[in-house]
Each structure stands twice: as structure tokens, then as C-alpha cells.
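Commentary on secondary and tertiary structure
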Amino acid sequence: MATHYPLLAACNECGLVSQVPDLLEGQEASCPRCNHTLINRVRDCPNKVFAYGISVLIVLAISCFFPFMAISVKDISQHIALFDALSVFHYFDDTSLAALLMLTIIFLPVLYLLGLMALYAMARFGSSCPGEQPAVKKLFRVVVRTEHWLMADIFFVGVLVSIIKLSSLTDIGVGSAFWAYLIFVLLLLKCSRTADRHWLCQHLFAPVSTGSVRPGDTHLDGNHLVCPLCSQINPTHDHAYKRCQRCHARLPSFDPAHSSNVTFAVLIAAIIFYFPANLYPMMFTTSFADTIGSTIADGVILLWRMGSYPVALVIFTASIILPVSKMLILLYLLWSRRNLPRESARGALEKLKLYRFIEVIGRWSMIDVFVVAILSALVQFGNLMAITPGPAVFYFCSVVILTLISTRLFDPRVLWQIDGQTQNYRHV
């Protein structure tokens, strides 16, 4: 069955407005200039969201209330639950990090799932245009923004790294909650990918006019603003909209200087935090009453000497290569924007690929923070053996968050101040 979408769709990455035809379920429409996905029709998306959402909440409850992991040293056993690993920083007087872990691993996924299912229920079974209620619009904005901060998959990879790291030193086992959490991660990813935001917006909100905006227009024409959440095109010729007509989200104007300056400021803060993150100890290891601090580099070298080459490479990549790559690429994009104000389409596309790369890898640097949390919660045997988080954890976590924020603040459309006309891009 064909579903009618709004006639026009604007690409959030290159700014081109394209005419979108009716799409069948399972089809998608991509930007003809940069190949960014504009609309992706998911088959039977409401039923899939309900099925996956309920299943995710059930397995998450199981993973929270059953044994997660266990370790044995000198016939002394230590068991932890999932909440022990997430709240460990609180017991070492770092409540902010404990709250961050609780938010990204437990509370935000629950909020996202409940909010998503509520929106789909209203869109499918509610009255005509239920999204016209202010509370529904606000819920929509919260759910869409929350999706970017879900890190359950990264946390599970951190758990696997911790298991491999400890297995060479002592006996370690996993409980039923470990397998439940694995299912939770897989189903959460599946649920987020089956959520068709365009179907949701079409059935939730009343249709609004795109005014005189035409296919082939771009952000450089200045005749429209695009909502970053629902992708609605808001004309600016007749009205100066500050918020989206459809979901009431704040509309960011195309301001290359402001976008670059704010991104640069946040990025500089991340670079400053990166130095103490590497100079201070990431964790302290106590063995027979002797405590030794180890930095990120020390941990990588130790793992390499112990023969744990895969784990050493994972930590080295996540903690050193990825953060440095993100910061260098963002600096390059900012520099190229300032020094090459007029760009070719091919050059803009190559730079956009770099931006997409740092968007994908941005969250994965949190692996090291999650590894420290798992080890600190699991290895607590007094003076015999204990692991405690070091001051570098706070700085490194700040680096990851600041680089994520700076990537979100950077407007990739600044790369598309290109020469030439766009009349060849009228239709998808």
C-alpha cells in the first residue's frame, strides 16, 4: 500500500530540497546530491515497535534483578548485579559519573521506549492529529533527542572487554542477567531501526504548508528552515518562524559563522580535557596492599605485554585513536570551511563523508569508561585485590561528551557553499 508523504524533503546534511514520490513499504528515498537517507519506509512499523518495545522492557527488567557477573580470587567470590556496575562511581564519590551511567544505560532507554510506544499508540489509535496537543509535541521532541544518547550497545562491548581482560588473571563467570542484557541490546537496536519517524509524523501531526519552497532550492536560498527533529520544511518568506510549525522544535537558522565558532569553542574544551585524561591515572590496582595507578597508555602497554592483543587494540583504538581522530577531523572541517568558502560538489561530499565517520564513531570512546566501571564493581577483595577508578575517568568522560556535543553543533551544510546551479536535483 502506498503512503503519501509531504511533497518536499530537505536534506539535513547538504541542504538540497528534493521532490519525494509516494513510497511503498520497504522503500526509501535518498538525497540525489549526497545520498543521505531522506525517508525510509518500514513495513508494519507500529506493530514492530510495540512488539520490540515490550520485549526490550521485559528483558531489561530481568537483567536488572538477577546476577550479572561473578569473579573468584583465592576461593573468594564476588558477585555483582547490573546496578552495581552502573552505580560504582557513586561509592567512590563521583556521583556525576554514576548518574551518567544510570541515565545512558537504564533510564534513557526506558524513557525512549515508553515514549516511542506512546507516540505510536496515539498515532495509530488516537483521534485525528493527536500531535496538535502541546504535551504530545513535547514528548515527540524528548523521544527524538533521547535516541542520540543511548549507549547500551557500547556498554555491552565494554563488558566483553572486561571479561577478556580478567579471564587471563582469574576465574570469571556470567549470570542470567548477562544474557538477558545481550538480548536487551539487540532488541533495542532493532526497535530503534524499525521506528519510521516519517510515518509517525504523518499520522501524529496535521500537514503544514511548505510555502513557495521548490525542488532544487537549498539552504543558501534563505527561503526556508528545516526542523532537525521532524524534517518539516518551514518557509521564511511570509513568516519568520522561530519554531517548527509541526513539532514546535526550535529552528536553527543557517549561520556558518555561529555554527563554526560554537563548535570550535566546545572542541577546544575537549582538547583541554584530553591532556589530564591521559596524564592522570585511569584506575588504581591494589594487589596485596600495594596500590599502583595506571594511565590509559599504561593499561594498553600492560595488556600488550600480557598477550591480550585484541583487548589492547580495542582500548588503544577507543581511548586514543578515536578521540584524536574526532578532534583532528573536526578541526580540519572547521579550517576548510574558513579557508575554502567556495567548494566543489565533489570536495564537499568528501568532507561530508568525514563528518559522517565521526558521527558514527563518536560514542565508542566510552568503552574505556565502562570497562573501568565494570572492573571497579567486580574486583573488590580488600587488600588482596581491588580496582578503583582514577581521576582521569572524569576528564576522559568529559572529552567524549564534549566531542559528541561539538559534532552535533557542527552544521554539515556549511560544507556545501558550492559553485554552480542545482537545477539537476529536482527529483529524488
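You'll find the structure just up there.
The structure reproduced in this document is the subject of the present report.

Conventions and cut-offs
Residues numbered from 1 in each chain as written. Predicted model: local features only at pLDDT ≥ 70, side-chain atom pairs only at ≥ 80, totals over all residues. Heavy atoms only, no water. Helix = DSSP H or I, 4+ residues; strand = E, 2+ residues; numbered from the N terminus. Rg over C-alpha atoms; globule rule 2.2 N^0.38 Å. Buried < 20%, exposed > 50% of the residue type's maximum accessible area, 1.4 Å probe, protein only. Contact = heavy atoms within 4.5 Å. Areas by Shrake-Rupley, 256 points an atom, 1.4 Å probe, with all protein chains shown as cover. Lys, Arg positive; Asp, Glu negative; His and termini not counted. Charge placed at Lys NZ, Arg CZ, Asp CG, Glu CD. Salt bridge = Lys/Arg side-chain N within 4 Å of Asp/Glu carboxyl O. Expected span 1.5 Å × (residues − 1). Axes fitted to C-alpha atoms, helices over the stretch in contact; angles between N-to-C directions. Parallel < 35°, antiparallel > 145°, perpendicular 65-115°, else oblique. Left-handed = near helix turned anticlockwise from the far one by under 90°. Nonpolar A, V, L, I, M, F, W, Y, C, P; charged D, E, K, R; others polar. Pairing = 2+ DSSP bridges. 1 Å grid on protein atoms, 1.4 Å probe; cavity = no way out; pocket = protein on both sides within 12 Å on 5 of 7 lines; lining within 4 Å. Points joined across faces, edges and corners; volume = space filled by probe spheres on them. Phe/Tyr/Trp six-rings, centres within 6.5 Å; stacked < 30°, edge-to-face > 60°.

When you go through the chain residue by residue, the secondary structure sums to 14 helices and twelve strands. Taken against the 2.2 N^0.38 rule, which gives 22 Å for 428 residues, the C-alpha radius of gyration of the chain at 24 Å falls within 12% of a compact globule. Each principal axis of the C-alpha distribution contributes one length, and for the chain these read about 75 × 55 × 30 Å. Buried positions account for 51% of the 428 residues belonging to the chain. Here the analysis covers contacts within the chain between residues at least 6 apart in sequence; of these, 72% occur between residues at least 24 apart. Only carbon and sulfur atoms are counted for the fraction: they give 61% of the accessible area of the chain, which is about 19,500 Å². For the chain, the distance from the average position of its 32 positive side-chain charges to the average position of its 26 negative side-chain charges is 6 Å.

What follows deals with the pattern of salt bridges. A complete count under the given rule lists eight salt bridges for this structure. Where Arg-356 meets Glu-13, a salt bridge forms, and the shortest distance between an N and an O atom there is 2.7 Å. Linking Arg-356 in helix H12 (residues 345-361) with Glu-13 in the loop between strand E1 (8-10) and strand E2 (17-19), this pair joins segments that are 343 residues apart in sequence. In this structure Arg-356 comes out as partly exposed when scored by relative accessible area, which is 21%. Salt bridges sharing common partners tie together Glu-25, Arg-41 and Asp-196.

This paragraph deals with unusual backbone geometry. Unusually for a residue other than glycine, Asp-44 sits at a positive phi of about 50 degrees. One non-glycine residue, Ser-231, lies in positive phi territory at about 65 degrees. When you line up the elements, Ser-231 lands in the loop between strand E8 (224-226) and strand E9 (233-235).

Moving on: helix H13 (residues 367-378). The end-to-end C-alpha distance of H13, which contains twelve residues, comes to 16 Å, matching closely the 16 Å that a straight helix rising 1.5 Å per residue would cover. Judged by how many residues are buried, H13 sits mostly within the fold: twelve of twelve residues are covered. Considered for burial, the residues of H13 that qualify are Ile-367, Asp-368, Val-369, Phe-370, Val-371, Val-372, Ala-373, Ile-374, Leu-375, Ser-376, Ala-377 and Leu-378.

The next subject is the packing of helix H1 (residues 45-65) against helix H4 (residues 95-125). Running from N to C, H1 and H4 point in directions that differ by 155 degrees, and their axes come no closer than 10 Å. With respect to each other, H1 and H4 are oriented roughly antiparallel. The two elements H1 and H4 meet at a crossing, and its hand is left-handed. Of the residues in H4, those in contact with Cys-45, Pro-46, Asn-47, Val-49, Phe-50, Gly-53, Ile-54, Val-56, Leu-57, Leu-60 and Cys-64 of H1 are Ile-106, Val-110, Leu-113, Leu-114, Leu-116, Met-117, Tyr-120, Ala-121, Arg-124 and Phe-125. Classifying every residue of the contact of H1 with H4 by side-chain character gives 18 nonpolar, two polar and one charged.

With that out of the way, let us pick up the sheet that holds strand E11 (residues 290-294). Taken in spatial order, the three strands line up as E11-E10-E12 in an open sheet, and their pairing is antiparallel. Lying at the two open borders of the sheet, with one neighbouring strand each, are E11 and strand E12 (385-389). Across the sheet, the mean angle from the axis of one strand to that of its neighbour is 20 degrees, orientation sign disregarded. Pairing analysis gives five bridges linking strand E10 (residues 283-287) to E11, with the strands arranged antiparallel. Paired with Thr-285 across the bridge in E11 is Ile-292.

Moving on, we come to the environment of Ala-177. Locating Ala-177 in the fold gives a position in helix H7 (residues 176-194). In the structure, Ala-177 is positioned 99 residues away from Gln-78 in sequence and 15 Å away in space, judged by C-alpha atoms. For Ala-177, the residues in contact, after removing those within four places along its chain, are Ile-62, Ser-63, Phe-66, Pro-67 and Phe-68.

Our next topic: empty space enclosed by the protein. For the structure on display, the rule yields two cavities of 30 Å³ or more. Lining the largest cavity we find 13 residues, and of these Lys-165, Met-282, Met-283, Gly-299 and Asp-368 sit closest to its centre. Contributions of two or more residues to the lining of the largest cavity are made by helix H10 (296-305) and H13. When its residues are assigned to classes, the lining of the largest cavity shows eight nonpolar, three polar and two charged.

Looking now at the packing of aromatic side chains. Per the counting criterion, the structure on display carries 16 aromatic pairs. Taken together, a centroid distance of 5.1 Å and an interplanar angle of 45 degrees make the contact between Tyr-181 and Phe-184 tilted. In this pair, Tyr-181 and Phe-184 are both assigned in helix H7, three residues apart and thus about one turn of the helix distant. No difference in accessibility class separates Tyr-181 from Phe-184, as the two residues are buried. When the ring of Phe-394 is compared with that of Tyr-395, the centres are 5.5 Å apart and the planes differ by 75 degrees; the resulting orientation is edge-to-face. Taking the relative accessible area as the measure of exposure, Phe-394 reaches 35% and is therefore partly exposed. Residue class for Tyr-395 comes out partly exposed when judged on its relative accessible area of 24%.

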